Amino acid sequence: MNATPATTKTDAETEPTTDAETEATSATGGETVEAAPEAGRATDVSDTQDSEKAALEDGLDDEGDADELDEPAPRPAFGTGAAAVVASALGAVSLSGTWMGKTLSERATLVGQIKTSQNGTAAQQIQEIYGNSWHTTALVNGVFALLALVVGAFVLARPAFGTPGRAEQPVWVKAVALAGAVLGVIGLLISAGMYLDLFAALPSTKG
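If you're wondering where the values come from, they're calculated on a predicted model, not measured in any experiment. (Residues numbered from 1 in each chain as written. Predicted model: local features only at pLDDT ≥ 70, side-chain atom pairs only at ≥ 80, totals over all residues. Heavy atoms only, no water.)

Further remarks concern the packing of helix H5 (residues 99–115) against helix H6 (residues 122–157). Remark: H5 packs on H6, axes separated minimally by 8 Å, with the N-to-C direction vectors making an angle of 160°. The orientation of H5 relative to H6 falls into the category roughly antiparallel. Helix-helix and strand crossings are classified by hand; for H5 and H6 the assignment is right-handed. Contact with H5, carried on its side by Met100, Gly101, Leu104, Ser105, Ala108, Thr109, Gly112, Gln113 and Lys115, involves Glu128, Ile129, Asn132, Ser133, Thr136, Thr137 and Val140 of H6 and no other residues of that element. In terms of residue class, the contact of H5 with H6 is made up of 5 nonpolar, 9 polar and 2 charged. (Axes fitted to C-alpha atoms, helices over the stretch in contact; angles between N-to-C directions. Helix = DSSP H or I, 4+ residues; strand = E, 2+ residues; numbered from the N terminus. Parallel < 35°, antiparallel > 145°, perpendicular 65-115°, else oblique. Left-handed = near helix turned anticlockwise from the far one by under 90°. Contact = heavy atoms within 4.5 Å. Nonpolar A, V, L, I, M, F, W, Y, C, P; charged D, E, K, R; others polar.)

In structure tokens, the structure reads:
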């Protein structure tokens, strides 16, 4: 009695082979080589993250550059600085006197002499010759003092009416403008006192 040998097939033998496995087996001389898809996928994810990070950094740099470009450039303090110096000069001149004031005072003296040369009394001569000359000098000094006050106050108040975001005025500009305004106030007070004869009254012929 011929016994037919029983053959058992393992799972590996019963599973059908795919085309990829067959090609891989034939290419490697019968040995099955498994592909490593996970390594390739990890490389792709890492490259994607790097590219996203670089793009984000570029975007931040662009935004920073745009913000710097949008910021207004500081305006030079040439105009306000010059005005502050002018205010101080006008204030000093109002206290020391000007060539214009001296010239107008001499003219007032000459006019007074002409008016009183014929039949003017002593009181009229004092008023026309001395008083008018004194008052003219005070008036001219008062005008320069008023200009110093106006220019100095304008420089000090300029930031309040300027463009928002501009750079603040330097400290020296404020200091010089304030000095000019203070000198202007002092000059106005002295000029007013001279014009109203508060410091010294006109000479009188009465004993």
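So that's the structure; there's more coming.
For the rest of this paragraph, the subject is H6. Helix length check: H6 (36 residues) gives 51 Å between terminal C-alpha atoms against 52 Å at 1.5 Å per residue, within 8%. Considering bend angle alone, the principal kink of H6 is centred on Gly131 and spans about 35°. (Expected span 1.5 Å × (residues − 1). Bend = angle between axes of the 7 residues up to and from the residue.)

Leaving glycine out, the prevailing phi sign among residues is negative, and the prevailing peptide bond configuration is trans. For Asp197, which is not glycine, the phi dihedral falls at a positive 60°. Positionally, Asp197 belongs in the segment after helix H7 (171–195). Taking the relative accessible area as the measure of exposure, Asp197 reaches 24% and is therefore partly exposed. (Buried < 20%, exposed > 50% of the residue type's maximum accessible area, 1.4 Å probe, protein only.)

Turning our attention to the confidence of the model for the chain. Averaged over all residues, the pLDDT of the chain equals 74, while 59% of them reach at least 70. Here residues 1–37 is modelled with pLDDT under 50, and outside its nearest four sequence neighbours on either side it reaches 9 contacts, counting other chains as well. Across residues 64–74, confidence stays below pLDDT 50; counting only partners more than four residues off in sequence or on other chains, it has 4 contacts. (pLDDT = per-residue confidence, 0-100.)

Counting 5 residues, the largest nonpolar core consists of Ala83, Ala84, Val155, Val173 and Ala177. Breaking this core down by element, the ones donating at least two residues are helix H4 (78–96) and H7. (Core = buried A, V, L, I, M, F, W, Y, C linked by side-chain atoms within 4.5 Å.)

Now for the packing of aromatic side chains. Scanning the entire structure with this criterion turns up 1 aromatic pair. With 6.4 Å between their ring centres and 15° between their planes, Tyr130 and Trp134 make a pair best called stacked. Placement of the pair is Tyr130 and Trp134 together in helix H6, with a separation of 4 residues, close to one helical turn. (Phe/Tyr/Trp six-rings, centres within 6.5 Å; stacked < 30°, edge-to-face > 60°.)

Here we take up the packing of H4 against H6. The geometry of a pair of packed helices is captured by two quantities: the angle between their axes and the separation between those axes. Taken N-terminus to C-terminus, the directions of H4 and H6 make an angle of 155°; their axes are 8 Å apart at the nearest point. By the angle class used here, H4 and H6 are roughly antiparallel. The two elements H4 and H6 cross, and the hand of that crossing is left-handed. Between H4, through Thr80, Ala83, Ala84, Ala87, Leu90, Gly91, Val93 and Ser94, and H6, the contact on the second element is made entirely by Asn141, Phe144, Ala145, Leu147, Ala148, Val151, Gly152 and Val155.

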